[in-house]
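# Overview (structure and organization)
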Amino acid sequence: MAKRIDVSDLNVYYGDFKAVEDVTMTVEPRSVTAFIGSSGCGKSTFLRTLNRMHEVTPGARVQGKVMLDNLDVYDHSVDPVSVRREIGMVFQRANPFPTMSIYDNVIAGAKLNNQRMSKSRSDEIVERSLRDANLWEEVKDRLNKPGAGLSGGQQQRLCIARATAVEPAVLLMDEPCSALDPISTLAIEDLIAKLKENYTIVIVTHNMQQAARVSDRTAFFNLAGTGQPGRLIEMGDTNKIFTKPDKKETENYITGRFG
Amino acid sequence: MTTATQPTATGSSGEGPDIQSSGLYSRQLPTYFPAALLVVCAAVASGAFFLLGAFHPVPVAAVTAIGYLVAVTTSSAVVENNRRAKDRLVTGVVYCCFAIAVVPLISLLSTVVVFGIERFDLYFLSVSMNGVIPSMDAGGVYHAIVGTLVITGLATVISVPIGLMTAVYVVEYGRGRLKQAITFFVDVMTGIPSIVAGLFVVALWIMVFGPGQTNGLAGAIALSVLMIPVVVRSSEEMLRLVPNELREAAYALGVPKWLTIVKVVLPTAVAGLTTGIILALARVIGETAPLILTAGMASTRINANPVEGDMMSLPVYIYKAVRDMGLSGEAGVYAEERAWAAALTLILVVMLLFLTARLVSRFLSPGKG
Ligand SMILES: Nc1ncnc2c1ncn2[C@@H]1O[C@H](COP(=O)(O)OP(=O)(O)OP(=O)(O)O)[C@@H](O)[C@H]1O
Ligand SMILES: [Mg+2]
């Protein structure tokens, strides 16, 4: 199920603007990898290159190599659609489908792909995914109401349920908890801890405690300066990064003395 | 806008000293003041004109408006402050402009209703002009209603797929030169005079079927030429309103692009798309010139077959009736009545369309599931 991601010498561009430079890293299977770093340093951009969502932006392109186990994700013969079926994603801003009910939003992955499944099977998937995302109790009586009628935090949990419902091998989460209350955040963290038994998880977060709590490995990104591309400064075991990082920059950022 | 919660000049006496000394206090005209002032102005203006013996609604309205604007601005400047005076002046001007814009519309509608109702009844709606000679107090508009429905219906069936798919191409797939060219030509097409669209189809028909062939299909194609660019334009706007995040959400679930468009983008935009299409339809339903050229104006009988002979439509019917108004005696009077009644029918058909558009967009809009 879970797969390893190997990135080598990756450069990411928006048109002529180089947003991320020269990243080489390995994301281990059955573990949680956290990306931390200051705003605008390219965490989201880099994350989106992993499942080929980056190229959806007009003018955006990627140089370098991303391997999913033995598959070169950017090989010419690889269909980005099938890559995205393997590598799911939760976005920074909640984006439930406004035309669909809560129920349909959760099984949107199957529904939009015209997959047939029995009613009992889809009921089961919906309940499991919503329970995992700590949303079931709140919405179980109104599954047929529109997903856009939920609060911002509920919508985000709905999006998480939607992403896990298709059971991807890798789950990319871009600040999934930035709109959530502490209780839901804890629930999501529990979910992450549970999911990592079977999946590979990458999470972007601005919350140091969260990174320390949930992740096994941490990658720190930073900008060389304004207008410069973001770089991977250091990556290692979360314990090590948070206690004795190799680089001064990392230590400054983690202790809140970055500038 | 004044709100009821703010203290009025008289009501603040209780806690007056506190509020007044706080620097936030300003005297204010009572809420009912503008309305009362307007009534006073109108009364004074109509009284004056009445005494002069020259009462007419237009000058009375003009004097009322000017009087009101001057009075409300000065009294506000005196009692309140400069900012409020300006606010009241501009509010008044905006209301005046609104009234000026609405008056012709109401006048037009009421004229059509008043004149049209003479002949507008079930009989008029349910018979054609077959065998009716000008001096007969008979005949109706049924064949024109049928013709209008068939022609505009066909035009919609032709334009909507072409227009919608063009819009989808431009918004979702189009890149570079080709996209620019399409957008440019759609803009050019929007500006095509309707008579030219009619001529185009006449020329096409002569090429294909030989001269002298007029029928409903030709009319429908002429209307499509006018309708397609409007459909493209409005659909483009609606598709652009669909947030990119929804497309990305679908992509991230491994949904291919075409399925994303069919199952996420179009359903999200469906209310706006429908409204746009119905507005485009309302825009072409009153076209006369291209239909005279392409569908003919000789038909007096009910003809629902678009490929067999002339087809009457409501606007052409009105045009014909207006031309017959020149006939002497009863015939001219009947023709005039028919023209107004048909105009009323056409307006009602268009209003029905708009009502449908409203209902459809209400029921289809997302989040009302
Ligand atoms: N669609 C885009 N087109 C052009 N430039 C972009 C686009 N999206 C992001 N960028 C630029 O790429 C750089 C990295 O942005 P990114 O969104 O990856 O930052 P981030 O690390 O996720 O920040 P945050 O923590 O605030 O989410 C920024 O300089 C940003 O301005
Ligand atoms: Mg980001």
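The name recorded for chain B in an unreviewed UniProt entry is Phosphate transport system permease protein PstA, from Streptomonospora alba. The UniProt entry for chain B carries the following comment under Subcellular location (unreviewed entry): "Cell membrane".

An unreviewed UniProt entry annotates chain A as ABC transporter domain-containing protein originating from Streptomonospora alba.

Next up on the list: the overall build of chain B. Each helix and strand in chain B was counted, giving 14 helices and zero strands. Traced from its N-terminal end to its C-terminal end, chain B shows the element sequence α-α-α-α-α-α-α-α-α-α-α-α-α-α. A compact globule built from 369 residues should have a C-alpha radius of gyration of about 21 Å, whereas chain B, at 29 Å, is more than 25% larger. Dimensions of chain B, computed from the C-alpha atoms along their principal axes, are close to 90 × 75 × 35 Å.

This paragraph deals with the sheet that holds strand 6 (residues 87-90) of chain A. All names here are of chain A. The ten strands are arranged 5-4-1-2-10-9-3-8-7-6 in an open sheet whose pairing can be described as mixed. The outermost strands of the open sheet, each flanked by one partner alone, are strand 5 (71-72) and strand 6. Across the sheet, helix 8 (residues 182-195) lies against strand 3 (32-37), strand 7 (170-174) and strand 8 (200-204), angled at about 150 degrees from strand 8, the strand it touches most.

Between chain A and chain B, the residue contacts involve 26 residues of the former and 19 residues of the latter. Of the roughly 2000 Å² buried between chain A and chain B, counting both surfaces, carbon and sulfur atoms make up 64%. At the boundary of chain A and chain B, one finds two salt bridges. Linking chain A to chain B there are seven residue pairs in polar contact (both at pLDDT 80 or more). Looking at the side of chain A that touches chain B, the elements that each hand over two or more residues are helix 2 (80-86), strand 6, helix 4 (108-112) and helix 7 (152-165) of chain A. By residue number, the principal contributor to the side of chain A that touches chain B is helix 4 of chain A, which donates four residues. Looking at side-chain class alone, the side of chain A that touches chain B contains 14 nonpolar, six polar and six charged residues.

Residue and element names in this part refer to chain A. Surrounding ligand 1, one finds 14 residues, the nearest of these being S39, G40, S44, T45 and H206. Between ligand 1 and S44 there is a distance of 2.5 Å, counted from an oxygen atom to a side-chain nitrogen or oxygen. E175 is positioned such that a nitrogen or oxygen atom in its side chain is 3.5 Å from an oxygen atom of ligand 1. When residues of the shell around ligand 1 are traced back to their parent elements, those giving at least two are strand 2 (17-27) and helix 1 (43-50). Looking at the shell around ligand 1, the element that brings in the most residues is helix 1, giving three residues. Tallied by class, residues from the shell around ligand 1 come to four nonpolar, eight polar and two charged.

With that settled, the discussion passes to the packing of aromatic side chains. Here a ring pair, both rings aromatic, is described through the centre-centre distance and the interplanar angle of the planes. Under the defined criterion, the tally for this structure stands at nine aromatic pairs over all chains. On the numbers, 4.9 Å between centres and 20 degrees between planes, the contact of F115(B) with W340(B) is stacked. Here W340(B) lies in helix 14 (residues 330-364) and F115(B) lies in helix 4 (residues 82-116), a separation of 225 residues in the sequence. With a centroid separation of 6.5 Å and 80 degrees between ring planes, the pair formed by F124(B) and Y317(B) is classed as edge-to-face. Residue F124(B) is found in helix 5 (residues 122-126), and its partner Y317(B) is found in helix 13 (residues 314-324); the two are separated by 193 residues along the sequence. Residue classification places Y317(B) among the buried residues on the basis of a relative accessible area of 5%. Cluster of aromatic residues (ring-pair linked, three or more members): F35(A), F46(A) and F221(A). If you follow R162(A) out to its NZ or CZ, it ends over the ring of F97(A), 4.8 Å from the centre. A cation sits over an aromatic face here: K257(B) above Y173(B), 4.7 Å from the ring centre.

Attention shifts here to the UniProt feature "domain: ABC transmembrane type-1" (unreviewed entry) in chain B. As annotated in UniProt, the feature "domain: ABC transmembrane type-1" (unreviewed entry) corresponds to residues 145-357 of chain B in the numbering used here. Across residues 145-357 of chain B, helical content stands at 80% and strand content at 0%; the span's end C-alpha atoms are separated by 20 Å.

All names here are of chain A. In this model, helix 5 (residues 119-132) (14 residues) spans 20 Å end to end at C-alpha, consistent with the 20 Å of a helix rising 1.5 Å per residue. Within the sequence span of helix 5, burial applies to S122, I125, V126, S129, L130 and D132. Along helix 5, the residues classed as buried sweep out an arc of 160 degrees about the axis, all on the same side. For helix 5, the exposed residues lying more than 90 degrees away from the buried face are S120 and E124. Check the buried side of helix 5 and you find it contacts helix 3 (102-106), helix 6 (136-139), helix 7 and helix 8.

Conventions we followed
Residues numbered from 1 in each chain as written. Chains lettered and ligands numbered in written order. Predicted model: local features only at pLDDT ≥ 70, side-chain atom pairs only at ≥ 80, totals over all residues. Heavy atoms only, no water. UniProt positions renumbered as here; feature names shortened; annotations may be inferred. Helix = DSSP H or I, 4+ residues; strand = E, 2+ residues; numbered from the N terminus. Rg over C-alpha atoms; globule rule 2.2 N^0.38 Å. Pairing = 2+ DSSP bridges. Contact = heavy atoms within 4.5 Å. Axes fitted to C-alpha atoms, helices over the stretch in contact; angles between N-to-C directions. Buried area = accessible area lost by both parts, 1.4 Å probe. Salt bridge = Lys/Arg side-chain N within 4 Å of Asp/Glu carboxyl O. Polar contact = N/O pair within 3.5 Å; in protein donor to acceptor, adjacent residues only side chain to side chain. Nonpolar A, V, L, I, M, F, W, Y, C, P; charged D, E, K, R; others polar. Near = heavy atom within 4 Å. Phe/Tyr/Trp six-rings, centres within 6.5 Å; stacked < 30°, edge-to-face > 60°. Buried < 20%, exposed > 50% of the residue type's maximum accessible area, 1.4 Å probe, protein only. Lys NZ or Arg CZ within 6 Å of the ring centre and 35° of its normal. Expected span 1.5 Å × (residues − 1). Arc of directions from axis to C-beta.

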